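Single-letter residue listing:
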2 protein chains.
Amino acid sequence: MDLKQFIRDIPDFPKEGIMFKDITPLLANKDAFKHAIDALCEQYSDKQIDYVLGAEARGFIMAAAMAYNLGAGFIPARKPGKLPYNTIKAEYELEYGMDALEVHEDAIRAGDRVLVVDDVLATGGTAAAKAKLVKEIGGIVLGPAFLVELTFLDGIKKLEDFDVFSLIKY
Amino acid sequence: MDLKQFIRDIPDFPKEGIMFKDITPLLANKDAFKHAIDALCEQYSDKQIDYVLGAEARGFIMAAAMAYNLGAGFIPARKPGKLPYNTIKAEYELEYGMDALEVHEDAIRAGDRVLVVDDVLATGGTAAAKAKLVKEIGGIVLGPAFLVELTFLDGIKKLEDFDVFSLIKY
C-alpha cells in the first residue's frame, strides 16, 4: 500500500515557508491506518516490548495504537505540569528557545524495554528527549520508530545512539 | 478485571481541592489497557463504526487504540490553530471562560458513523462540543464512550441526546 497518497502537503503551516506534511487523511482511512500501525509493529513483534512511549499530542495517536497491537503498556510523555504525579524532565531545543517533556518517575522499572514512537521525525529534538527520559528512569530504549521521516532535516543525527525505524521517508 | 485498582487518586491536582483520577497506571499496565480497550470496543463491535473521534491530548490515547481495534479511521479534534487544513469549530464552557475544539471540515462525509470517545467524563462540555462538530459536518454520533465517568459532576446532563457508555464509574 502506498501510504504517501494519504499524506497531503499544506503550504505555509504552521508558518510561512514551511510545507507541512498532514497525516490526518492517513489516520482517517481505516485501511491506511491499520496498515501503518501493523507495519510499524511488525518491526518490533519479536522485541519483547514492555511499553510504548508517545509524546503529546500527536505522538499519543501512533503510540497508543501500537501499544495495543503489541500487547504492551502505554506511557505518556507530556509538557511540564500536565502529568499529575512526580515527574522527571528532559529539555530540548526549539528553533528559538527551549521546551521540555516529562514522564512519571515511576512509569517503568529498571530493565523495562520501552519503544519510543512518534508520528514525524523532523529535527529529532523531542525523540532524543524521550529517549533520555527512558534511560534516566532505567529503561532500555527501542526505536525510536516514526510514521514519517523528513530526511532533509537530518533529525537522525540527534539519534545516532539508537536504531531508528521510519515507515515513510521524504 | 477490577480496573479501579489501576486508577490512583492525586489530591489537589490540577489545583487545590480537586481529587484527580490518574489513569496512567491503567494505561501502563498491558493487561488493564488491553482489557479496557476491548471492553469499550465490545459495546460498538456491531455498530458499523466508520471513525473514532478523540480530542487532544489524553483523548487521543483511548480513541486511537479503539479505532485500531474496531478497524475504523481515527479523527483528531484539536485546540484552535493546531489542525493544518480548513476547520470548523465548537466552543464550550470552562469553569471560567470558554474554550474550543476544531475538526477538519473534510474529516467525514454525510452519513458516516462516528464514535466519540474520551478518557474521562467530567462536566461533559468537551464531549458535547465533539458531538456537535460531528453533527455539523453531517456525521451520525455514536457514544460518547468514556473510560471513566465522574457521576457526581453530572456531565451526563449535557449529553442527554446521546447514548453514553462509561466503563468505570465513580
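The coordinates are above.
My aim in this report is to walk through the structure given alongside it, one point at a time.

The rules behind each value
Residues numbered from 1 in each chain as written. Chains lettered and ligands numbered in written order. Predicted model: local features only at pLDDT ≥ 70, side-chain atom pairs only at ≥ 80, totals over all residues. Heavy atoms only, no water. Contact = heavy atoms within 4.5 Å. Buried area = accessible area lost by both parts, 1.4 Å probe. Salt bridge = Lys/Arg side-chain N within 4 Å of Asp/Glu carboxyl O. Helix = DSSP H or I, 4+ residues; strand = E, 2+ residues; numbered from the N terminus. Buried < 20%, exposed > 50% of the residue type's maximum accessible area, 1.4 Å probe, protein only. Axes fitted to C-alpha atoms, helices over the stretch in contact; angles between N-to-C directions. Parallel < 35°, antiparallel > 145°, perpendicular 65-115°, else oblique. Left-handed = near helix turned anticlockwise from the far one by under 90°. Nonpolar A, V, L, I, M, F, W, Y, C, P; charged D, E, K, R; others polar. Least-squares fit on C-alpha atoms with pLDDT ≥ 70 in both. Expected span 1.5 Å × (residues − 1). Phe/Tyr/Trp six-rings, centres within 6.5 Å; stacked < 30°, edge-to-face > 60°. Lys NZ or Arg CZ within 6 Å of the ring centre and 35° of its normal.

### Side note on the interface of chain A and chain B
So, point 1. On the chain B side, the residues contacting the 37 residues of chain A number 37 residues.
So, point 2. Summed over both sides, the interface of chain A with chain B buries roughly 3,000 Å², with 69% coming from carbon and sulfur.
So, point 3. In terms of surface lost to chain B, no three residues of chain A exceed Tyr-68, Phe-74 and Pro-84 of chain A, which account for 23% of the buried area on that side.
So, point 4. Where chain A packs against chain B, one counts two salt bridges.

### Some details on the side chain of Lys-130 of chain A
Residue and element names in this part refer to chain A.
So, point 1. The topology assignment puts Lys-130 in helix α4 (residues 125–136).
So, point 2. Relative accessible area serves as the criterion here: at 0%, Lys-130 is assigned to the buried category.
So, point 3. Residues in contact with Lys-130, not counting those within four places in the same chain, are Leu-53, Ala-55, Ala-77, Leu-101, Val-116, Val-117 and Asp-118.

### Remarks on the packing of helix α3 (residues 59–70) of chain A against helix α3 (residues 59–70) of chain B
So, point 1. Two numbers describe how α3 of chain A lies on α3 of chain B: the axes approach to 8 Å, and their chain directions differ by 50°. Classified by the angle their axes make, α3 of chain A and α3 of chain B are oblique. α3 of chain A and α3 of chain B meet at a crossing whose hand is right-handed. Taken together, the residues of α3 of chain B that come into contact with α3 of chain A (itself represented by Phe-60, Ile-61, Ala-64, Ala-65, Tyr-68 and Asn-69 of chain A) are Phe-60, Ile-61, Ala-64, Ala-65, Tyr-68 and Asn-69 of chain B.
So, point 2. In terms of residue class, the contact of α3 of chain A with α3 of chain B is built from ten nonpolar, two polar and no charged.

### Concerning the relation of the copies chain A and chain B
So, point 1. Superposing chain A onto chain B takes a rotation of 180° plus a shift of 0.0 Å along the axis, which leaves an RMSD of 0.0 Å. Both copies of the chain, as the preceding transformation shows, are related through a two-fold rotation axis. It is Ala-65 of chain A whose C-alpha, among those of chain A, lies nearest the rotation axis, at 2.1 Å.
So, point 2. Same-surface contact between copies: 100% of interface residues of chain A are shared with the interface of chain B.

### Digging into unusual backbone geometry
So, point 1. Cis peptide bonds are those with omega within 30 degrees of zero, and the linkage from Glu-56 of chain A to Ala-57 of chain A qualifies with -10°.
So, point 2. Relative to the helices and strands, Ala-57 of chain A is located in the loop between β3 (51–55) and α3.
So, point 3. Note that the residue after Gly-143 of chain B, namely Pro-144 of chain B, is joined by a cis bond; omega there is 5°.
So, point 4. Examined against the element boundaries, Pro-144 of chain B turns out to sit in strand β8 (residues 140–149).
So, point 5. Residue Asp-12 of chain A is not a glycine yet carries a positive backbone phi of 60°.
So, point 6. Within the element layout of this structure, Asp-12 of chain A appears in the loop between β1 (8–11) and β2 (19–22).
So, point 7. On the basis of relative accessibility, which here comes to 43%, the residue Asp-12 of chain A falls in the partly exposed class.
So, point 8. Although it is not a glycine, Gln-48 of chain B sits at a positive phi angle of roughly 45°.

### Section: the environment of Phe-162 of chain B
All names here are of chain B.
So, point 1. Relative to the elements of secondary structure, Phe-162 occurs in the loop between β8 and β9 (165–169).
So, point 2. According to the relative accessible area criterion, Phe-162 is buried, its value standing at 19%.
So, point 3. What Phe-162 contacts, discounting residues up to four positions off in sequence, is Ala-131, Lys-135, Val-141, Gly-143 and Pro-144.

### Structural notes on α3 of chain B
Residues and elements named next belong to chain B.
So, point 1. Between the first and last C-alpha of α3 there are 16 Å, a value that for twelve residues agrees with the 16 Å anticipated at 1.5 Å per step.
So, point 2. α3 sits mainly inside the fold: ten of its twelve residues count as buried.
So, point 3. Among the residues making up α3, those that are buried are Gly-59, Phe-60, Ile-61, Met-62, Ala-63, Ala-64, Ala-65, Met-66, Ala-67 and Tyr-68.

### A closer look at the packing of helix α2 (residues 30–42) of chain A against α3 of chain B
So, point 1. The interhelical angle for the contact between α2 of chain A and α3 of chain B, taken along N-to-C directions, is 100°, at an axis separation of 10 Å. By the angle between their directions, the pair α2 of chain A and α3 of chain B is classed as roughly perpendicular. In this structure, α2 of chain A contributes Phe-33, Lys-34, Ile-37 and Asp-38 of chain A to the contact, and α3 of chain B contributes Ala-64, Ala-67 and Tyr-68 of chain B.
So, point 2. Classifying every residue of the contact of α2 of chain A with α3 of chain B gives five nonpolar, no polar and two charged.

### What to know about the packing of aromatic side chains
Think of a pair of aromatic rings as described by two things: how far the centres are apart, and how the planes are tilted against each other in angle.
So, point 1. For the structure on display, the rule yields five aromatic pairs over all chains.
So, point 2. Pairing Phe-13 of chain B with Phe-20 of chain B gives two aromatic rings, centres 5.1 Å apart and planes at 80°, and the pair type is edge-to-face. Phe-20 of chain B carries the same exposure label as Phe-13 of chain B, and that label is buried.
So, point 3. Lys-21 of chain A extends its terminal NZ or CZ atom over the ring of Tyr-170 of chain A, reaching a point 4.0 Å from the ring centre.

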